[in-house]
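# Chains, contacts and geometry: an overview
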Amino acid sequence: MENSDFRQRSMFAETWKRLKKNKGAMIGLVIVVILFLLALFAGVIFDYDTDVIGQNYNELLQEPSWKHPFGTDEMGRDLLARIIYGSRASLFISFAAVCLAAVVGCFFGAISGYFGGAVDSIIMRVTDMLLAIPETLFAITLVAALGTSTFTLIIALAISNIPIFCRLLRSSVMTQRGSEHIEAARAIGAKTSTIIMDHILPNCIAPVLVQFTLSIAVTILTISGLSFLGLGVAPPKPEWGALLSSSRSYMREHTYLTIFPGLAIMTTILSLNLLGDGLRDALDPRLR
Amino acid sequence: MSDVLLDVKNVKKYFKTPKGILHAVDDVTFSINRGETLGVVGESGCGKSTTGRVVLRLLEPTEGSIILDGENISKLSEAKLRSKRKEMQMIFQDPLASLDPRKTVGQIIEEPLRIHNIISSSKDRQKRVLELMETVGLAQRYYSTYPHELDGGRRQRIGIARALSVNPKFIVCDEPVSALDVSIQAQILNLLEDLQKQMGLTYMFITHDLSVVHHFSDNIAVMYLGKIIELAPSDELFAAPTHPYTQALLSAIPVPKLENRRERIILKGEITSPINLPKACRFASRCIYATEQCLHGEPELKEVAPGHKVACYRAESTDKT
């Protein structure tokens, strides 16, 4: 403890300081950043028309080599280029969907948990209805009704993730609401909005963060599943799940075709989980 | 006599439960003079904390009026009540639970100043926070620490500093020392006493520890099942407890002398359930003096000596023995 330090350390600086000490979280963060940069600058590294969707029948199903580090697929396309381009779809759709779900879910969850009563009952019954529909089935229905597009996919995935966040935040808020420090905040005259934003939500963030990383992982898998069914990202546009499913028929002879997209999914999910766990710990001043 | 700061009249707080209506606070009337302390004692679940919260309108009263410094706060709108909270504050029982674990000591004490916009510049605010910390005996080096890093006594000092930051007139102390070590209890009590003298504070001091209230309070209210059953000046109550329950309570205070042992009154029987109360004296089921009359009507709080009120038929009929 510095004796003369009266500066109010900001929450962000504090968190960052603690996060830096966590090796796992930093590895996760580095990988996530690299993935995002690759997705962002994929166009600089590879040319979409020639490398990603351009078919080359002279180089069908080649083993990994210097020219094609991850090998080529059944149409002679470079797998590395396709995986990197595929990360755009996987990452963008899953992040957009889960962010949307988290914001909407947390909003309704906080209201439901804080006010209780009839508001709570209504929100919870709607949530129960949504929870009752399997995620994939719901997405299939919506995509079938509205047509295959990235936007539809995001909406479908977001809606099926909302109840998870809603329930999660509701229960945390309910625990927080009854605690004495919330009563203390009311006693000093804080407004309801201040109490929710300033006192309740910061104390509820840990489970939300963990759920966020989990949901991203599950959503990436769901997108893959939908692409596999032909409802996700349409070929020839690459997407990790689609890459995985199209390589299925060549799995015995050309294992690398399944291994690399699988590794990409696994690495992303693993690093997100590491980062999420690290963030959760770093955001809690009690764990130092 | 000095003027009345807080006047509580016929306040009731009922909770609806699946089994019926729970009478947590049932028709409580008392007043506190400016600069004085009212000690509220009673066993767990007797409604003393609820009374404290209703008085501050942290819980809505079911009925009754609460007049603080001439203004009836029981009917104030949310917005007006918020600004009125500058005048009435609370010190909580559990100093750790009542402090936001994600905020530093400085942020916690600063918050009321920011909410009520008492000091707008952040630099002056910090100066005031450091001042407050000094007042309550917290070293400045704790400014940017978190509550969980400090011991119980220091945490309670944070709570006190937070309550003082808005210069309140009236503070409800809800068992402020019961979660602390005995050695620290004395420190905190002395601090509260000093602050009262310096700032002319008025306290409602809720506790279950009779020895604490004795030297601390001007008047003491004894509560049983949501009712005040005896209300008297502190010394009078200790010298001449009138209600059988008060007598039993006082007999339970340990006397640190071997030759001067007191006969303890052991209460037998179960507490009556506060849900769907029968129309009878609430203490009758455990009272050694209970008569037929006690089972058929509720005694009211009546003055038996100047300033000394008791709710017991026995005190009404016979003189104190």
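Values in this document were obtained by computation on a predicted structure and should not be read as measured data.

The next subject is the environment of L59 of chain B. All names here are of chain B. The topology assignment puts L59 in the loop between α1 (48–55) and β4 (63–68). Owing to a relative accessible area of 23%, L59 belongs among the partly exposed residues under this scheme. Through-space distance from the C-alpha of L59 to that of K13 is 8.4 Å; in sequence the pair is 46 residues apart. In this view, L59 contacts K13, F15, T50, R53 and V54; residues no more than four positions away in its chain are not counted.

Time to look at the domain arrangement of chain B. Accessible area lost during the coming together of the parts is what is often quoted as the interface size. Residues and elements named next belong to chain B. Splitting chain B by domain gives domain 1 (4–87 + 168–317) and domain 2 (95–167). Computed over C-alpha atoms only, the centres of domain 1 and domain 2 are separated by 29 Å. Each side of the interface is counted separately: domain 1 has 18 residues, and domain 2 has 14 residues. Of the roughly 1300 Å² buried at the junction of domain 1 and domain 2 (both faces included), carbon and sulfur atoms supply 74%.

Residues and elements named next belong to chain A. It is the contact of helix α9 (residues 180–187) with helix α10 (residues 192–200), at a shortest axis distance of 11 Å, that shows an interaxial angle of 140°. Of the possible angle classes, the one that applies to α9 and α10 is oblique. Where α9 crosses over α10, the handedness of that crossing is right-handed. Taken together, the residues of α10 that come into contact with α9 (itself represented by H181, I182, A185 and R186) are I195, H199 and I200. Looking at the contact of α9 with α10 residue by residue, the classes come out as four nonpolar, two polar and one charged.

Let us look at the confidence of the model for chain B. Of the residues in chain B, 97% have a pLDDT of 70 or more, and the chain-wide mean is 88. At the level of chain-chain contacts, confidence expressed as ipTM amounts to 0.83, with global pTM at 0.81.

Two modes of strand pairing occur in sheets, parallel and antiparallel, and in both the strands are linked by backbone hydrogen bonds. Residues and elements named next belong to chain B. Read from one edge of the open sheet, four strands run β2-β1-β4-β5, paired in antiparallel fashion. Among the strands making up the open sheet, the edge pair consists of β2 (20–33) and β5 (71–72). Sheet topology note: the strand β1 (residues 4–17)/β4 ladder contains five bridges and is antiparallel. Bridged to K9 within β4 is S65.

So, about helix α6 (residues 117–132) of chain A. All names here are of chain A. Along its 16 residues, α6 runs 22 Å from first to last C-alpha, staying within 8% of the 22 Å computed at 1.5 Å per residue. Buried within α6 are the following residues: D120, I123, M124 and T127. Across the axial projection of α6, the buried residues extend over an arc of 100°, all falling on one side. Seen from the open side of α6, the exposed residues pointing more than 90 degrees away from its buried face are A118, I122, M129 and A132.

Now for the pairing of β4 of chain B. All names here are of chain B. As paired strands, β4 and β5 are joined by two bridges and run antiparallel to one another. Among the inter-strand pairings, L68 is bridged to a residue of β5, identified as E71. Linking two consecutive strands that pair antiparallel, namely β4 and β5, is a turn of two residues; a positive phi of about 55° is found at D69 within it.

Quick look at the pairing of strand β10 (residues 227–233) of chain B now. Residue and element names in this part refer to chain B. For β10, the tally of buried residues reaches six of seven residues, placing the bulk of the element in the interior. Pairing between strand β9 (residues 219–224) and β10: six bridges, direction antiparallel. Counted as the bridge partner of V222 is E230 from β10. Here β9 folds back onto β10, and the loop between the two strands holds two residues, one of which, L225, carries a positive phi near 50°. Where β10 and strand β12 (residues 308–310) come together, two bridges link them in antiparallel fashion. In the sheet register, E230 faces β12, and the bridge partner there is V310.

A separate point is the sheet that holds strand β8 (residues 202–207) of chain B. Residues and elements named next belong to chain B. Here we have eight strands laid out as an open sheet, ordered β6-β7-β8-β3-β9-β10-β12-β11, and mixed in their pairing. The open sheet is flanked by β6 (88–91) and β11 (302–305), the only strands paired with a single partner. On average, each strand axis in the sheet is inclined to that of its neighbour by 25°, with strand direction left out of account. This element, α1, spans β3 (37–41), β6, β7 (170–174), β8 and β9 of the sheet and lies at about 150° to β8. Its contacts with the sheet put helix α5 (residues 152–164) on β6 and β7, and the angle it makes with β6 is roughly 175°.

To continue, consider the pattern of salt bridges. All chains considered together, the criterion is met by 27 salt bridges over all chains. Among the ionic pairs, R53 of chain B bridges to E183 of chain A, the shortest N-O distance being 2.5 Å. Placement of R53 of chain B in helix α1 and of E183 of chain A in helix α9 is noted, with the two residues assigned to different chains. By relative accessible area, which is 11% here, R53 of chain B ends up buried. For K227 of chain B, the salt bridge identified is with E298 of chain B, shortest N-O distance 3.7 Å.

Moving on, we get to the side chain of E180 of chain A. As for its position among the elements, E180 of chain A is in helix α9. E180 of chain A sits in the buried class, given a relative accessible area of 16%. Beyond its immediate chain neighbours, meaning those up to four positions away, E180 of chain A contacts R53, F92, Q93, D94, A97 and S98 of chain B.

Okay, a nonpolar patch on the surface next. All names here are of chain A. Side chains of V33, L37, L40, F41, V44 and I45 sit close together on the surface and give an oily, nonpolar patch of about 590 Å² of accessible area. Those elements that place two or more of their residues in the nonpolar patch are α2 (23–40) and α3 (42–45). When residues of the nonpolar patch are assigned to their parent elements, the largest contribution, three residues, is made by α2. If you trace the backbone, V44 turns up in helix α3. Judged by its relative accessible area of 68%, V44 falls in the exposed class.

Definitions and limits used
Residues numbered from 1 in each chain as written. Chains lettered and ligands numbered in written order. Predicted model: local features only at pLDDT ≥ 70, side-chain atom pairs only at ≥ 80, totals over all residues. Heavy atoms only, no water. Helix = DSSP H or I, 4+ residues; strand = E, 2+ residues; numbered from the N terminus. Buried < 20%, exposed > 50% of the residue type's maximum accessible area, 1.4 Å probe, protein only. Contact = heavy atoms within 4.5 Å. Domains from an automatic or database assignment. Buried area = accessible area lost by both parts, 1.4 Å probe. Axes fitted to C-alpha atoms, helices over the stretch in contact; angles between N-to-C directions. Parallel < 35°, antiparallel > 145°, perpendicular 65-115°, else oblique. Left-handed = near helix turned anticlockwise from the far one by under 90°. Nonpolar A, V, L, I, M, F, W, Y, C, P; charged D, E, K, R; others polar. pLDDT = per-residue confidence, 0-100. Pairing = 2+ DSSP bridges. Expected span 1.5 Å × (residues − 1). Arc of directions from axis to C-beta. Salt bridge = Lys/Arg side-chain N within 4 Å of Asp/Glu carboxyl O. Patch = residues over 30% accessible without salt bridge, like charges linked within 9 Å, V, L, I, M, F, W, Y side chains within 5 Å. Areas by Shrake-Rupley, 256 points an atom, 1.4 Å probe, with all protein chains shown as cover.

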